[in-house]
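# Architecture at a glance
Residue strings, one per chain:
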Amino acid sequence: QDMATTKISYCVDPDWAPYESIENNQHIGISKQYLTLIEQRSSLRFTFVPTQTWAQTLSFIRNGKCQVIPLLNSSIERKQFLSFSDAYFHAPNALYGHYDQVMVGNLSSITKQSVAVVDGYRMHQYLTRKFPEMKLITVENEKAGLIKVANQQVDYFVGSFYSANKIIQQHALAQLRIVGIAELEDKLRMGVAKESSELLPYINQAIAQLTSEDHNKVFSYLKMANLVKQTNYAVVFKTAIFFTLLILILSAAYIRSVKYSKVLAAKNQILKNLYQQLDQKNQELAEISIRDPLTQLYNRSHLAEIIEQQIRLKHRYSTTACLLMIDIDDFKQINDNFGHKTGDDILKQFAKILSHCARDSDIVARWGGEEFVLLCPETEPDEAMVIAKRFQQALVEAHKDDFPVVTCSIGIAELDSKTTAEQWFVSADNAMYYAKDKGKNTVHCLER
Ligand SMILES: Nc1nc2c(ncn2[C@@H]2O[C@H](COP(=O)(O)OP(=O)(O)OP(=O)(O)O)[C@@H](O)[C@H]2O)c(=O)[nH]1
C-alpha cells in the first residue's frame, strides 16, 4: 500500500465533548486534535463522515460507511467488529455526588447507595462484573446521569472525568462535586472496522510517532476547551432581542424628541416673529400717539411734555429757549378757494418747509388747525427772529403752481425763569396775535 495516498474515512461520537463532538457539521474535540497531529506525522489522510448519534456511528462502521472511530475504549463486545489500536489517550473516571454527600474515595466503598452509569458503556460492563451487588441505575447518557444526581434521584454517577466536567460546566450543575475516583481508567484508542484492519499497523505506527509535546498540545487544548464557555444560544437570542427592542425604543424616542424639538423650534420662531411684530406695532403706536396724523409733526400732547421738560432744564441749568407760535394767514380763504383737500395738502407742505427751516435740535409741532409751534432750545430771541424770517422767506420761495402764496404770522416768546408752561405758551400766542394785528405775514417778539 502506497502510504502517500492512504485515505481513511471516519465517524465520531457526535455528542461526547470534549473528547469529540460535531458542531456545525464539523468534527471538534480531543480526537480532532490527535487526527490533525497524526496527519502531520504520517501520510494518513482522514475524511470525516458526519453522523447524528453514537448508535448511527456504530451502524456506519458496521456497514462500511466509515472505516475508523478515532477515540474509544476497547471492550469485548466491540472487539467483535473493531480492531483496536494502541491506547493513546488516558482519562480517569470519576464518581460524582450531590454536594451534601460525603466523600467516598473509590467504588469499593459504595455499599447501599445507588450508582448511575451510561447504558452499554465499558464502565457499565465493568461494574456489573466487578460489583455484582451494586445498585446500578442505567441512564441514556452522561448528562442524564448527572442530572439524576443533581435532583437527588440517585446517589452517584460514575463516568468519564473530562466529559462529565464539561457537562457540569455547560449546565451549571453547581450542586455536584467529585466524591471519589473510579479505578477503571479510560484507555482510549482508535477502532478500525474489521474490513479495514490492514490499516491498523499504519495507524499504530503513526500513533507511535506522537511525541510528549504533541500530547501536551492536546492537554492545553483541553484546558482551553474547558475555559471556553459553551454559547448559550437561547440567552444570546433573548439578549439580542432585548437590545434590539431597547435600541428601537430609544431610536423611536429620539426621533420623536427630534420631531418635537423641530415643532417646538418652529413654534418658538413663530412666537418670536409675533413678538417682533408686536414690538414693532407698539413702537408704531407709540410714534402715532405723539404724531399729528396729517403732517406727521409732533402733536399737541407731546409738545406739552417737551415744553415741561424745557422748563425743568431752565430751572436746573438756566438755559435759554424760545417758543414760536406760527399761524397761517387767512387759511379759511385758502380752504374756500381751493377746497378742503388742497387745504390739507398745503398744511402738509407748510409742515415740511417748517421742518426744513428748523434746526435738528428744534421741535416742530402742529398745535391744531392751521397753528404750528416751533420750540427752539438754547436760542436767544434775536436768533429766533432770524429763524422766523428765514421760514417766511422759504414760504415765499416755495410758491409754485400747486402751492399758492401762503403767508403766516409768528409770535415769539422767550422762556422766563419764573414762567409756567401755560404762561409761556400764552405769551407766544399773544405775540402771534400781535403779529396778526400788525397786518399778518409778520413776526412779533414779546418784550420781556
Ligand atoms: N383743510 C384744513 N383746514 C383746516 C384744518 N384745521 C383747521 N382748518 C381750517 O382753518 C381755518 C382757520 O380759519 P380761522 O381760524 O378763521 O383763521 P384764518 O382764516 O387763518 O384767519 P387768520 O387766522 O386771521 O389769518 C378754518 O376754516 C378751519 O376749518 C385742517 O386740518 N385742514
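Attention in this report is confined to the structure presented alongside it. All figures in this text were calculated on a predicted structure; none of them were measured in a lab. Sequence positions are assigned chain by chain, starting from 1 and proceeding in written order. Only residues with pLDDT of 70 or above have their local features reported here, since the model is predicted, and side-chain atom pairs are shown and tallied only from 80 upward, although totals for entire chains, interfaces and linings are computed over all residues. Hydrogen atoms and water are omitted, and side-chain values are computed over all heavy atoms in the structure.

### Re helix 2 (residues 54–62)
Test applied: Only protein chains enter the accessibility calculation, which uses a 1.4 Å probe. A residue is then buried if its area is under 20% of the maximum for its type, exposed if over 50%, and partly exposed in between. A run of DSSP states H or I qualifies as a helix once it reaches four residues; a run of E qualifies as a strand once it reaches two. Both are numbered from the N-terminal end. Directions pointing from the helix axis toward each C-beta atom define the arc.
All of the buried residues along helix 2 are Trp-54, Thr-57, Phe-60 and Ile-61. Taken around the axis of helix 2, the buried residues stretch over an arc of 115°, which confines them to a single face. For helix 2, the exposed residues set more than 90 degrees away from the buried face come down to Ala-55 and Arg-62. At the C-terminal side of helix 2, Gly-64 shows a positive phi close to 80°.

### Points about the pairing of strand 6 (residues 68–73)
Heads up, the rule is: Whether two strands pair comes down to DSSP finding at least two bridges between them.
A large share of strand 6 lies buried, amounting to 6 of its 6 residues. As paired strands, strand 6 and strand 13 (residues 176–193) are joined by 4 bridges and run antiparallel to one another. If you follow Asn-73 over to strand 13, its bridge partner there is Leu-188.

### Description of the state of the cysteines
Just so we agree on the cut-off: A pair of sulfur atoms, both from cysteines and within 2.5 Å, is called a disulfide here.
Throughout the structure, instances matching the rule amount to 1 disulfide. Residue pairing for Cys-11: its cysteine sulfur links by disulfide to Cys-66, the two sulfurs lying 2.2 Å apart. Here the S-S torsion is close to -120°, and the disulfide linking Cys-11 with Cys-66 is therefore left-handed. Of this pair, Cys-11 sits in the loop between strand 1 (7–10) and strand 2 (15–16) while Cys-66 sits in the loop between helix 2 and strand 6, placing them 55 residues apart in sequence. Cys-322 provides the cysteine sulfur closest to Cys-376, a residue in no disulfide bond, and the two sulfurs are 6.9 Å apart.

### Notes on the packing of helix 4 (residues 142–150) against helix 5 (residues 161–170)
The test is simple: Angular values range over 0 to 180 degrees, each being the angle between N-to-C directions of two axes fitted as lines to C-alpha atoms, with helices fitted over their stretch in contact. The cut-offs work like this: below 35 degrees is roughly parallel, past 145 is roughly antiparallel, 65 to 115 is roughly perpendicular, and the gaps in between are oblique. Take the far helix as your reference; a near helix turned counterclockwise from it by less than a right angle gives a left-handed crossing, and one turned clockwise gives a right-handed crossing. Any two residues whose heavy atoms approach within 4.5 Å are treated as being in contact.
The N-to-C vectors of helix 4 and helix 5 enclose an angle of 60°; their axes lie 10 Å apart at closest approach. In terms of orientation, helix 4 and helix 5 fall into the oblique class. Handedness of the crossing formed by helix 4 with helix 5: right-handed. Only Ser-163, Ala-164, Ile-167 and Ile-168 of helix 5 make contact with helix 4, whose side of the interface consists of Glu-142, Lys-143 and Leu-146.

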